[in-house]
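# An overview of the molecular structure
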Amino acid sequence: MPDDHPICKGHEFQTSNSIDSIMTSMLNTGFQATNVGKAIEEIRRMRKWRLSDVPWKEGDDEALKDPAVRKNIRARIFFAYTSNQISCRATR
């Protein structure tokens, strides 16, 4: 196994009960929980994204040229998952 491979372990509730720390610990909880953790990281990245992160270029919609308008346009996120994540009772 590679040296940089994360060790599988559950969340330590005695240390922290915040939702953010629980979601972060998913990255090391097991195969399915690790993928949920990766999804959480991607959702966080998407929530930070604004159209202003992408430069306007010739041929783009003129209505979206104003930086103030671009700053207010965010990603639309659709969330879906399979029932096996719930039915497998991934606890640790």
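Analysis parameters
Residues numbered from 1 in each chain as written. Predicted model: local features only at pLDDT ≥ 70, side-chain atom pairs only at ≥ 80, totals over all residues. Heavy atoms only, no water. Helix = DSSP H or I, 4+ residues; strand = E, 2+ residues; numbered from the N terminus. Buried < 20%, exposed > 50% of the residue type's maximum accessible area, 1.4 Å probe, protein only. Contact = heavy atoms within 4.5 Å. Areas by Shrake-Rupley, 256 points an atom, 1.4 Å probe, with all protein chains shown as cover. Salt bridge = Lys/Arg side-chain N within 4 Å of Asp/Glu carboxyl O. Polar contact = N/O pair within 3.5 Å; in protein donor to acceptor, adjacent residues only side chain to side chain. pLDDT = per-residue confidence, 0-100.

On to the overall build of the protein. In terms of helices and strands, the protein carries four helices and zero strands. Sequence-ordered secondary structure for the protein, helices as α and strands as β, is α-α-α-α. Looking at the 92 residues of the protein, the share that counts as buried comes to 15%. Pairs at least 24 residues apart make up 33% of the contacts formed inside the protein by residues separated by at least 6 positions. Surface exposure of the protein reaches about 7,700 Å², of which carbon and sulfur atoms provide 57%.

For the rest of this paragraph, the subject is the pattern of salt bridges. Side chains that differ in sign of charge can pair as their charged atoms come close. Inspection of the entire model under this criterion finds three salt bridges. Across the pair Lys57 and Asp60 runs a salt bridge whose closest N-O atoms are separated by 3.5 Å. Assessed through its relative accessible area of 51%, Lys57 is described here as exposed. A residue is classified by how much of its surface remains accessible, and Asp60, at 25% relative accessible area, is partly exposed.

Here the focus is the environment of Asn72. Among the structural elements, Asn72 can be located in the loop between α3 (67-71) and α4 (84-87). Taking C-alpha positions, Asn72 is 8.1 Å from Ser52, a pair spaced 20 residues apart along the chain. Side-chain polar atoms of Asn72 contact the backbone oxygen of Ala68, separated by 3.1 Å.

Low pLDDT marks stretches whose predicted atomic positions should not be read closely. Of all residues in the protein, 82% attain a pLDDT of 70 or more, and the chain-wide mean is 81. By mean pLDDT, the top-scoring element of the protein is α3 (94), and the lowest-scoring one is α4 (63).

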